[in-house]
Number of protein chains: 2
Amino acid sequence: MDSEVLKLENQLCFPLYATAKEVVKRYKPYLDELGLTYTQYIAMMVLWEHKTINVKSLGEFLYLDSGTITPLLKRLEAAGFIVRKRDSNDERNVIVSLTLKGEELKEPASKIPEKISKCLPISDEEARTLYQILYKILGDNSCGIE
Amino acid sequence: MDSEVLKLENQLCFPLYATAKEVVKRYKPYLDELGLTYTQYIAMMVLWEHKTINVKSLGEFLYLDSGTITPLLKRLEAAGFIVRKRDSNDERNVIVSLTLKGEELKEPASKIPEKISKCLPISDEEARTLYQILYKILGDNSCGIE
DNA sequence: CCCAATCTAATTGCAAGCAATTTTTTTATC
DNA sequence: GATAAAAAAATTGCTTGCAATTAGATTGGG
């Protein structure tokens, strides 16, 4: 048995997992000011761009299933940022849309990305490289993942 | 206000967050065979390497705090893979060590990393680049994270 | 020696996150 | 048009993850 392959430092997945968590943590102070969690923030980002969307499409954008999204949307609705409504043309679908309060959150939120990118100790070049490799993995289906 | 910066596709954090989740998901079928979750697996990796460790050090390796680790270790103990014991030299510390059953899990686990890396659609070169950039971010303290 | 500060785990409370199942609606097939 | 299959969201049950707090042990300064 090769013990080396099982060391944390020889894994690729581990730094991916740990870095994702640490970077999300860096958003927290800024998101706290808006009253959003990170997952709520990315859901709002989809809404700020699309104005209105159903739960299934939102899940596809975010790589999240209804078991995660449904309670998340209920919280965003309880906070007054969105409304949920059954689609009268197809009652299976739930349409999510922004309230005025949710729309207004876009402006302060638009200042966050720059604060975060200033905070990451990598060059623009490295950021582009990272972005490309990540999407290469993310866009791949070769192992039968969805 | 610049709307472009708020699009999901223009973020770096989002593909990081999403890719981490998707890659962890690819471990699931292999880890299911061992009866481990991904987080339990990385905790076991630290133990396979160090044999014995206290909760604080384990948390530092994994970037997890006691609120996550304590219940996780209790599950690993209930499954018979580890034992937890107060350090008699300093009763504040809890020492975690492998049982024979936990030790024996190392052999089948050692076959997983290769299966996963075959499954990622990136070259060795890209994997190295990704690894380096991730650790560059992870190792950084400049924004007052821990 | 004593008391305050520090340290370590554990606990609490809440929000993800996901697999599996259920409910309701729509679509296809006969 | 009835019924089976498919589709979408919600629900259930479990684990992770983290901030904040608590409990107990140790250390340091006076």
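Just so we're clear, the structure is a prediction, and the values are computed from it rather than from any experiment.

## Brief notes about the overall build of chain A
Thinking step 1. Along its length, chain A carries eight helices and three strands.
Thinking step 2. Its helices and strands in sequence order give chain A the pattern α-α-β-α-α-β-β-α-α-α-α, from N to C terminus.
Thinking step 3. Per-residue burial for chain A yields a buried fraction of 45% across its 146 residues.
Thinking step 4. Taking all contacts inside chain A whose residues are at least 6 apart in sequence as the whole, residues at least 24 apart take part in 51%.
Thinking step 5. Taken as a whole, chain A presents about 7500 Å² of accessible surface, with 52% of it coming from carbon and sulfur.
Thinking step 6. Chain A carries 20 positive and 22 negative side-chain charges, and their two centres are separated by 5 Å.

## Description of the packing of helix α2 (residues 38-50) of chain B against helix α3 (residues 55-62) of chain B
Residue and element names in this part refer to chain B.
Thinking step 1. The contact between α2 and α3 brings their axes to 10 Å, and the two run at 115 degrees. Every pair of crossing elements has a handedness; the one defined by α2 and α3 is right-handed. Facing α2, whose interface residues are Ile42, Ala43, Val46 and His50, α3 presents Leu58, Phe61 and Leu62.

## Some words on the interface of chain B and chain A
Thinking step 1. Taken together, the contact between chain B and chain A spans 62 residues of the former and 62 residues of the latter.
Thinking step 2. Buried area between chain B and chain A, summed over both chains or domains, comes out near 6300 Å², and the portion from carbon and sulfur atoms is 72%.
Thinking step 3. Contact with chain A buries area across many residues of chain B, yet B:Leu6, B:Leu12 and B:Ile137 alone supply 10% of it, more than any other trio.
Thinking step 4. The salt bridge partner of B:Glu126 is A:Lys136, with a shortest N-O separation of 2.9 Å.

## Section: the UniProt feature "domain: HTH marR-type" (unreviewed entry) in chain A
Thinking step 1. Per the UniProt record, "domain: HTH marR-type" (unreviewed entry) is found at residues 9-139 of chain A.
Thinking step 2. The span residues 9-139 of chain A is 67% helix and 10% strand, and its two end C-alpha atoms sit 26 Å from each other.

## Considerations on the pairing of strand β3 (residues 94-98) of chain B
All names here are of chain B.
Thinking step 1. Where burial is concerned, the two faces of β3 differ: the one with Val94, Val96 and Leu98 is buried and the one with Ile95 and Ser97 is not.
Thinking step 2. Pairing analysis gives three bridges linking strand β1 (residues 52-54) to β3, with the strands arranged antiparallel. When the sheet's bridge partners are listed, Thr52 is paired in β3 with Ser97.

## Re the sheet that holds strand β1 (residues 52-54) of chain A
Residue and element names in this part refer to chain A.
Thinking step 1. Within the open sheet, the three strands sit side by side as β1-β3-β2. Their pairing is antiparallel. Each having just a single partner strand, β1 and β2 (82-86) make up the two edges of the open sheet. Going from strand to strand, the sheet's axes swing by 25 degrees on average, the running direction of each strand aside.
Thinking step 2. Where helix α2 (residues 38-50) meets the sheet, it contacts β1, β2 and β3 (94-98), and its direction lies at approximately 80 degrees from that of β3.
Thinking step 3. In the packing of helix α3 (residues 55-62) onto the sheet, the strands contacted are β1 and β3, and the crossing angle to β1 comes to about 90 degrees.

## Structural notes on the sheet that holds strand β2 (residues 82-86) of chain B
All names here are of chain B.
Thinking step 1. Spatially, three strands are ordered β1-β3-β2 in an open sheet, and the strand pairing comes out antiparallel. The sheet terminates laterally at β1 and β2, the two strands that pair on one side only. Averaged over all adjacent pairs, the angle separating strand axes in this sheet is 25 degrees, with direction ignored.
Thinking step 2. As paired strands, β2 and β3 are joined by five bridges and run antiparallel to one another.

Parameters and conventions
Residues numbered from 1 in each chain as written. Chains lettered and ligands numbered in written order. Predicted model: local features only at pLDDT ≥ 70, side-chain atom pairs only at ≥ 80, totals over all residues. Heavy atoms only, no water. Helix = DSSP H or I, 4+ residues; strand = E, 2+ residues; numbered from the N terminus. Buried < 20%, exposed > 50% of the residue type's maximum accessible area, 1.4 Å probe, protein only. Contact = heavy atoms within 4.5 Å. Areas by Shrake-Rupley, 256 points an atom, 1.4 Å probe, with all protein chains shown as cover. Lys, Arg positive; Asp, Glu negative; His and termini not counted. Charge placed at Lys NZ, Arg CZ, Asp CG, Glu CD. Axes fitted to C-alpha atoms, helices over the stretch in contact; angles between N-to-C directions. Left-handed = near helix turned anticlockwise from the far one by under 90°. Buried area = accessible area lost by both parts, 1.4 Å probe. Salt bridge = Lys/Arg side-chain N within 4 Å of Asp/Glu carboxyl O. UniProt positions renumbered as here; feature names shortened; annotations may be inferred. Pairing = 2+ DSSP bridges.

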